[in-house]
Amino acid sequence: MTTLLQSLLIALRALRVNKMRALLTMLGIIIGIAAVIAMVAIGAGASKMISDQISSIGSNLLLVLPGSITSGGMRSGSGAIITLTYDDAKAIKAECPSVGQAAPTVRGSGPVVYGNQNWTTVINGVTPEMLLVREWPIESGRNLLQSDVDGAAKNCLIGQTVAENLFGSADPIGKIIRIRKIPFTVIGLLAHKGQTPQGQDQDDVIYVPISTAQRKLLGSQFPNSVGAIMIQAKSAEVLSKAEEEVTELLKQRHRVGPTREIDFTVRNLTEILAVSEQSSKVMSMLLGAVASISLVVGGIGIMNIMLVSVTERTREIGIRVAIGAKRRDIMLQFLTEAVLLTTLGGIVGILVGIAGAALVANLVGWPTLVSINTVAIAFAFSAGVGVFFGFYPARKAAALNPIDALRYE
Amino acid sequence: MREVVRLEEVRKVYLMGEERVEALKGVSFSVGEGEFVAIMGASGSGKSTCMNTLGCLDTPTSGRYLLEGTEVGTLSHNELAEIRNRRLGFVFQGFNLLPRTTARENVELPLVYGRVPAAQRRERALQALARVGLSGREGHYSNQLSGGQQQRVAIARALVNEPAIILADEPTGNLDTRTTVEIMALFQELNRQGITIIMVTHEPDVAAFTTRHIVFRDGAIVSDLANPAPVRAVPKTEAA
Ligand SMILES: Nc1ncnc2c1ncn2[C@@H]1O[C@H](COP(=O)(O)OP(=O)(O)OP(=O)(O)O)[C@@H](O)[C@H]1O
Ligand SMILES: [Mg+2]
């Protein structure tokens, strides 16, 4: 251990002597590490945002829509042929063993008025199951009840954005608002949910009982039809099984056969969302990879300067060997110097990278995320670059013939 | 008298492309404990090659070299490094010291490679510096010392591990006459204390301070004579 400490002291002295050169050499590593840290932070921030949004939609979700997908990928016939019913939803819940919840919904939009405040928002007709499927807690008040649905009660739940626009900071519970001129009592305030990965504000919404929506608000000519059924599978493992069961059941119920086309579409929401999460991960890896190229360039700079240093100090090496330095002592000395250069550069680079990520977060408003892991890996990597690119010069120094080294002037 | 060094028919051939340079053509001699030997000869006669062999920096093409009875030719790199570290002390013509390093640190260097603990290193380095008359200069950097002082530091470094021999290749080559006498006085003093010294020199005046003259010509020894009445080196003033 004495010699490791000694090599460290020698290396520190060598760096002190050539401060400017050491700094310029380190700059390559500093930039490389800083770029990796910042890029990974931006990438990780983006994918965390997306995965947060995905989990805000709910987990293990299937979405059943009326109409079928044509070969072009477009849904045809929706709106015109109203094929999904509230009874379909009940049957799915009752008969598909892998399904946890099934929540039918109808959807419209319209103006909402409270006092002199006025706001246009999305109006969803739902059953109490919707909040279970969406894993959406209530901040204050209560959920809709089955009795609200059965009696087509004029009660509603409102999202945070709606609450802000109608009530400001006042408590909305128990207040009467007019949706499409019909008075409704606010019975619950939904918790904050944020944006979907597609950028929609999920808090800009009002939930009313599905029956009320069908009969009084949206005025559909097919009173029993629903716009979509959201289904939550019992677990991630049975998600695709649930998909099959639902498809099978609906085929039976809709008498799909040789003479009748499939008139519904089952989509695996979780899968679709996972793809966007995946692509953001690939993106952040790509950013990291591009940034690490600059690290390699920095490493080559280290190698270059170490080779110069070995040549400059040939005489010194000769003297050291003559008084008893072993090859591994010389090797260790130059390796230590290279690793010291890169780890110092690494530490500065990490700090610069963190600062850069914070700056991006502040100025551009992108979310960034610096994890302890990234920092540790970056540090280990900078040391690794020192070992890798310092090895050849160090070996060259250790292999010098002492006689040639002593003759050198 | 105990034998410290023994060369038997040592040859050294350098191959430079097609050309063979025979730097040593069968050199044999031995040096006993406490001798003070001057190796002389014209430029290119093989003096440095012989010293490098004695110093275990180079291995002979053929022949045997025994250092205190140990056959050196069969040893590994690491064993040779240990011999250089423990049993030999080197003084070169110039550029002996590491730049930007203090006198004490230079003297400590063999102890560092000998894995001696730091506290002991410091004490032994200070003792060695006192022995060469440089007490009080231990904190000076190499470039803050005169040529003569630098050679003294180099000698202190050669001494610090209590070696069997000190090998010096033209140690006074870069020095003026007065400083040369000072250094030779130091060598004589150390030799009186029982240290074996082998040094290369061009100058008969310098050789006159030693007890034995070995003369090389074209890679072979042409004369090997004792100097029964060495001149006593008396420095004009105290160490400058
Ligand atoms: N590394 C080498 N490669 C090839 N030839 C060499 C090498 N070292 C020495 N020689 C040759 O060996 C011969 C002896 O060289 P050496 O250095 O021993 O002479 P020297 O007596 O020390 O001379 P000087 O007094 O000038 O220092 C010379 O002809 C020299 O050219
Ligand atoms: Mg020579």
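Here the structure is a predicted model, which means the values were calculated and not measured.

Cut-off values and rules
- Residues numbered from 1 in each chain as written.
- Chains lettered and ligands numbered in written order.
- Predicted model: local features only at pLDDT ≥ 70, side-chain atom pairs only at ≥ 80, totals over all residues.
- Heavy atoms only, no water.
- Core = buried A, V, L, I, M, F, W, Y, C linked by side-chain atoms within 4.5 Å.
- Buried < 20%, exposed > 50% of the residue type's maximum accessible area, 1.4 Å probe, protein only.
- Helix = DSSP H or I, 4+ residues; strand = E, 2+ residues; numbered from the N terminus.
- Contact = heavy atoms within 4.5 Å.
- Near = heavy atom within 4 Å.
- Polar contact = N/O pair within 3.5 Å; in protein donor to acceptor, adjacent residues only side chain to side chain.
- Areas by Shrake-Rupley, 256 points an atom, 1.4 Å probe, with all protein chains shown as cover.
- Nonpolar A, V, L, I, M, F, W, Y, C, P; charged D, E, K, R; others polar.
- Salt bridge = Lys/Arg side-chain N within 4 Å of Asp/Glu carboxyl O.

## Describing the nonpolar core
Part 1 of the reasoning: Ranked by size, the top nonpolar core spans 68 residues in total, and within it Phe-29, Ile-39, Leu-54, Ile-165 and Ile-198 of chain B carry the most contacts.
Part 2 of the reasoning: Among the elements that line this core, the one with the most residues is helix 11 (residues 327-363) of chain A, at 8 residues.
Part 3 of the reasoning: Excluding anything up to four places from it in sequence, Ile-39 of chain B contacts Phe-29, Lys-47, Cys-50, Met-51, Ile-198, Met-199, Val-200, Thr-201, Ile-214 and Phe-216 of chain B.

## Structural notes on the site of ligand 1
All names here are of chain B.
Part 1 of the reasoning: Neighbouring ligand 1 are 15 residues; Ser-43, Gly-44, Lys-47, Ser-48 and Thr-49 lie closest to it.
Part 2 of the reasoning: Ser-48 places a side-chain nitrogen or oxygen 2.7 Å from an oxygen atom of ligand 1.
Part 3 of the reasoning: Burial of ligand 1 by the surrounding chains reaches 73%, relative to a free accessible area of 630 Å².
Part 4 of the reasoning: Where the shell around ligand 1 is concerned, the elements lending two or more residues are strand 1 (3-16), strand 2 (19-32) and helix 1 (47-54).
Part 5 of the reasoning: Looking at the shell around ligand 1 residue by residue, the classes come out as 5 nonpolar, 7 polar and 3 charged.

## Quick notes on the pattern of salt bridges
All names here are of chain B.
Part 1 of the reasoning: Counted by the stated rule, this structure contains 26 salt bridges over all chains.
Part 2 of the reasoning: Lys-12 is the salt-bridge partner of Asp-58, the closest N and O atoms lying 3.2 Å from each other. Of this pair, Asp-58 sits in the loop between helix 1 and strand 4 (62-67) while Lys-12 sits in strand 1, and the two are 46 residues apart along the sequence. Lys-12 shares its class with Asp-58; the two are buried.
Part 3 of the reasoning: Glu-108 serves as the salt-bridge partner of Arg-121, at 3.3 Å between the closest nitrogen and oxygen. Highlighted residues: Arg-121 in helix 4 (residues 118-131) and Glu-108 in helix 3 (residues 103-113), separated in sequence by 13 residues.
Part 4 of the reasoning: Taken together, the shared-partner salt bridges connect Glu-3, Arg-6, Glu-8, Arg-64 and Glu-71 into one network.

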